[in-house]
Amino acid sequence: MVGETSYDVVVIGGGPVGENAADYAIRGSDRTAAIVEHELLGGECSYWACMPSKALLGPGNALGEARSLGGSRERASASNPEPSGVLEWRDTVTGRLDDSSAHRGGATHDDAGQVRWANGAGIEVIRGHGRLVGEKQVRVGDQLLTAREAVVIATGSTASVPPIPGLREALPWTSRDATNILEIPERVVVLGGGVVACEAATWLLDLGVRGLVMAIRGDRLLPRMEPFAGERVADALRARGADLRFGTTIEAVDRPDATGSGYGRLHGGPAVVRLTGDGAGELTVDEILVAAGRSPATTDVGLDALGLTAEGPLGVDDHLTVPGHPWLYSVGDVNGRNALTHMGKYQARVAGDVIAARAEGRELDDIRYVAGSDHAAVPQVVFTRPEISSVGLTREQAADAGIDVRVAEGEISVAGSYLLGPDYSGYASVVVDATRDVLLGATFVGPQTGELVHSATVAIVGEVPLARLWHAVPSYPTVSEVWLRLLDQLR
Ligand SMILES: Cc1cc2nc3c(=O)[nH]c(=O)nc-3n(C[C@H](O)[C@H](O)[C@H](O)COP(=O)(O)OP(=O)(O)OC[C@H]3O[C@@H](n4cnc5c(N)ncnc54)[C@H](O)[C@@H]3O)c2cc1C
């Protein structure tokens, strides 16, 4: 062992969540923090997930909006965006370096900006793979880091590839390839029907994929949302030529010349994919995209050194502390609560505040130290066309929880939506606790509805009574006036 260093806080994993945990744990104090990162500071979100995916979807969405109004329609007549411009915009967003290693298959990015931010916030960045080796001790190569106050596990998650005969051998694309796409396949089969599958299907069609088949195990897309959300996305994908096969999965794959050519490039020649279930059949495709869920990155973090299981999520209490280890925290995708950047960053703020309070000997008797929104008010926007946004419970989830509910719902048809285009199509619903007369959940579908969901989040977190919500007046002419239609139904 060469070096030994002490910090107040050591964070393993420098994604958005680890960065925030380190920042909030030391902000405004003389405490010290280090982030251990074995890849790129900024994590999955910055280079492989949220940012590139939204960059890939942006031009198609902008074109769709331009086409919905006379005047701009005539200037935006092409049905799809220009692929090279889309990829260039994606590269700008992810800070991708255009050097020769990209052509050898390594997707090369630049995290210098994130490192500058960390250093400016007083956080040291240590490159390498971090593993717990004992209480408050983390090993990185030949360095031993000792944490005086806390170790935070923020290692995120990795894409799961199910054990289907021939699938792993075929080197299928995962979300990292789809977001870092360099070569556009002609025919693709997508395994999955969740958020990543629906968003990726949208941008693959935008980029010119012609034969897109989705193999969806369940009977609808976006199964954790209100059914109308998945139905509208399914209609839109079908209208663009996608072949959606519900009740279907991949039974076997044969790709004789699979090659590891790097992220976003075709991983070999055509693959023969056998589908089983309601949409059974055999397909020949140029690429397979597996979007079948993610696994928390717990397997190689040294949890066994503490007698903790290294399988599945590293669970925590509402102070984000691992039970039985008051110095150990787990935030973001790795804890299995809500695999969303904003929820992980929320947990990181709570954990950072908890670490600071404990270090300063303060009681944890304030709601700022409790990650309660993880259970009741999780917002999410799906950037498909149409856009979907939701927060809190669906009607079905509320019923399963034994809550007596009232539901208001309907087409979004207000002056503000008409002004976005005469053919505007959108739908909204709210789920209300019939006993307490407060909002439990909301779902919006339609262009620009992602901006509506925060109003619902505020109403849910604030437990605003419907009688008072009636006095929150939406501006004319905005899509927010849909709130009036919904509240009218509940009076
Ligand atoms: C295609 C796609 C699109 C998405 N879009 C959105 C979106 O629009 N909005 C949204 O809210 N969420 C989105 N998500 C989810 C979002 O990406 C994750 O919730 C988020 O990245 C979690 O952040 P994290 O910091 O917990 O983990 P990560 O971002 O995965 O970061 C973990 C970091 O830890 C590092 N690491 C892991 N183990 C070690 C170790 N032992 N030593 C050192 N370093 C280690 C990794 O290299 C990585 O940098 C998307 C996900 C995907 C796959």
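Each remark here, short or long, concerns the structure printed above.
Worth saying up front: this structure is predicted, and the values here are computed from it rather than measured.

Draft legend 1. The site of the ligand, seen in detail. Taken together, 35 residues lie around the ligand, and Glu37, Lys54, Gly130, Asp333 and Thr341 are the ones closest in. For the ligand, a nitrogen atom lies 3.3 Å from a polar atom in the side chain of His129. Here His342 contributes a side-chain N or O atom positioned 3.2 Å from an oxygen atom of the ligand. With the chains in place, 92% of the 1000 Å² that the ligand exposes on its own is no longer accessible. Looking at the shell around the ligand, the elements with two or more residues in it are helix H1 (16–26), strand S2 (33–37), helix H2 (43–47), helix H3 (50–67), helix H7 (175–179) and helix H10 (341–359). Here the shell around the ligand spans two domains, since at least three of its residues come from each of domain 1 (3–42 + 111–158 + 295–373) and domain 2 (168–292).

Draft legend 2. Seen up close, the pattern of salt bridges. Evaluated as defined, the whole model comprises 26 salt bridges. Here Arg127 and Asp111 are joined by a salt bridge, their closest N and O atoms 2.9 Å apart. Taken as a pair, Arg127 in strand S3 (residues 123–127) and Asp111 in the loop between helix H5 (100–103) and helix H6 (112–120) lie far apart in primary sequence, 16 residues in all. What makes Arg127 partly exposed here is its relative accessible area of 44%.

Draft legend 3. Examining the sheet that holds strand S9 (residues 211–216) more closely. Spatially, 4 strands are ordered S10-S9-S8-S14 in an open sheet, and the strand pairing comes out parallel. Of all strands in the sheet, those with a lone pairing partner are strand S10 (243–246) and strand S14 (287–290), marking the two edges. Geometrically, the sheet is characterised by an average inter-axis angle of 15° between neighbouring strands, direction not taken into account. Pairing analysis gives 4 bridges linking S9 to S10, with the strands arranged parallel. The partner of Ile216 across the bridge, within S10, is Phe246.

Here is what the cut-offs are and how they apply
Residues numbered from 1 in each chain as written. Predicted model: local features only at pLDDT ≥ 70, side-chain atom pairs only at ≥ 80, totals over all residues. Heavy atoms only, no water. Near = heavy atom within 4 Å. Polar contact = N/O pair within 3.5 Å; in protein donor to acceptor, adjacent residues only side chain to side chain. Areas by Shrake-Rupley, 256 points an atom, 1.4 Å probe, with all protein chains shown as cover. Helix = DSSP H or I, 4+ residues; strand = E, 2+ residues; numbered from the N terminus. Domains from an automatic or database assignment. Salt bridge = Lys/Arg side-chain N within 4 Å of Asp/Glu carboxyl O. Buried < 20%, exposed > 50% of the residue type's maximum accessible area, 1.4 Å probe, protein only. Pairing = 2+ DSSP bridges. Axes fitted to C-alpha atoms, helices over the stretch in contact; angles between N-to-C directions.

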